[in-house]
Amino acid sequence: MADESGHRITDSPESADVIVVNTCGFIGAAKEESVDTILEMAAFKKSGRCRRLVVTGCLTQRYPEEIAREIPEIDHILGSGEVAKVAAAIRGSEHTVDVAKTPDYLYDHTTPRPASQASFFRYVKIAEGCDRPCGFCIIPKLRGPQRSRPIESIAAEVDALSRQGVVEVNLVAQDLTTYGTDLPFDVDRPSDRPSLANLLRRIGKAPKGGSGADFLRWIRLHYTYPTATTDELLQVMAASPRVVRYIDCPLQHIDDKLLKLMRRGYTGKSVYAMIERARKHLPGVFLRTAFIVGHPGETEEAFQKLCDFVNEAELDHVGVFTYSQEEGTPSAELPELVPAKEAEKRRRELLRIQRKVAKKKRKELLGRSIEVLVEGQSEESEFLLKGRHAGQAPEIDGHVYLTLGESNPDVQLRPGDLISAKVTRGADYDLVAEVESVLQPALQKPQSRKLPVIG
Ligand code: SF4
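Residues numbered from 1 in each chain as written. Predicted model: local features only at pLDDT ≥ 70, side-chain atom pairs only at ≥ 80, totals over all residues.

Draft legend 1. View of unusual backbone geometry. In this model, H222 is joined to Y223 through a cis peptide bond whose omega is 5°. Residue placement: Y223 occurs in the loop between β9 (218-222) and α9 (231-239). The residue R263 is not glycine, and still its phi comes out positive at about 60°. In this structure, R263 sits in the loop between α10 (256-261) and α11 (268-281). Although it is not a glycine, E336 adopts a positive phi angle of roughly 55°. Residue position: E336 is located in the loop between β12 (317-322) and α13 (340-364). Taking the number of C-beta atoms within 10 Å as the measure of exposure, E336 has 10 and is therefore exposed. (Helix = DSSP H or I, 4+ residues; strand = E, 2+ residues; numbered from the N terminus. Buried ≥ 20, exposed ≤ 12 C-beta atoms within 10 Å, placed from the backbone.)

This is how it looks when you write it as structure tokens:
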């Protein structure tokens, strides 16, 4: 099916007339992957039918001239804010570099968005850009200052998705908790002020007297900032039935000296306090975070503090990244570099500690009935279906593998079904659960499949 501009999307680059590569450029590994992908796609100009290669995103925003010079196979280079120009770039015939100094693009609920995920979950971007001064981060330079969408635009998109059968919406922004601070508001009506709490007040419950289908059950937040994860926000989350008890809050470090060097504006003590407040307001909350190891100035002692924290805090999901030195950031000017080999050793050590914590956390779920969103067939076996519970975000937090109980031998499940299942086993990051009942059948039923029993 062709889109509004008359283009048809194909999965196979060898059969594409035009290839568009969307790049990432915020750390070394992402830059390398982006360049490899561009080169791989450029090869289809010789071996496939590709006659035009368009490259867009953060890497081209950061290095437009260098990329144009080094990879002459590229026909059109766009920056991260030139989304509206992609269709024209596809049709064009010139060699062009089109990169605004400060990106200002922001989509709204009227922008056509072909779905790139399964039909039952979506990412909804509520703001673009970032105004924070984190010392290691190049994102504010690549994405520009924060621009928030109005609450009504986000609500219109979310309501439409719910009617279309979307069960889970993942709200995304560089920092969700500063959402709305750049928008005007009526000083006489402070309760209408655009903020994450007010957005959740608007979309966190099913609309009253809403007409038509309403499938949305899970709203998930990526990412919050530790000091801006306020009591008000936590209370609104607790009072919003659609908002899952899941917080994705990158902490980056726990040592005060490191947090200062990173220009994060908080201390280790305030991180402990935030976690305590989150667990008080949202009992059973699932916490995800990310840390950077090997930042300049990270001594063995500071790293040990981080290890102790990971042991004590018992967070549900932890991502660990080695520091990537990015030119143009304050951290890149710092002395006391940590050798790459040492940083990698620390990354592995922190993940080893977290693996033990995760195992313990999974055990706590044994025997409990949980809601599971069925995703479809497992890659492990064509006879096995998998899903996620509310504490598992798409693509990053593991899965729940589903088995049938004796009381339910013939149940048919489909991607997008929301079910109840009882946890019977836990692995490091995954669970096995027995199907109990279907709580909400999926709107779209592309395939039916009888579930097998495993183990
Ligand atoms: S809040 Fe996140 S995106 Fe913004 S500067 Fe800090 S690390 Fe970068």
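Following the structure, the description resumes.
Draft legend 2. View of the site of the ligand. As a structural note, the neighbourhood of the ligand is formed by C130, R132, C134, C137, I139, P140, Q174 and D175. When the residues that make up the shell around the ligand are grouped by side-chain class, the tally is five nonpolar, one polar and two charged. (Near = placed C-beta within 6 Å. Nonpolar A, V, L, I, M, F, W, Y, C, P; charged D, E, K, R; others polar.)

Draft legend 3. Structural detail: the domain arrangement of the protein chain. Here the protein chain is partitioned into domain 1 (13-98), domain 2 (121-362) and domain 3 (369-450). Its C-alpha centre places domain 1 at a distance of 38 Å from the equivalent point of domain 3. (Domains from an automatic or database assignment.)

Draft legend 4. Local environment of the sheet that holds strand β3 (residues 76-78). Pairing is parallel in the open sheet, where four strands are placed in the order β1-β2-β3-β4. If you trace the sheet from one side to the other, it starts and ends with β1 (18-23) and β4 (96-98), each paired once. Each strand of the sheet is rotated relative to its neighbour by a mean of 10°, with strand direction disregarded. Of the strand pairs in this sheet, β3 and β4 are connected by three bridges, and their pairing is parallel. For L78, the partnering residue across the bridge sits in β4 and is D98. Running over the sheet, helix α1 (residues 28-42) touches β1 and β2 (52-57) and is turned about 175° from β1. (Pairing = 2+ DSSP bridges. Axes fitted to C-alpha atoms, helices over the stretch in contact; angles between N-to-C directions. Contact = placed C-beta atoms within 7 Å.)

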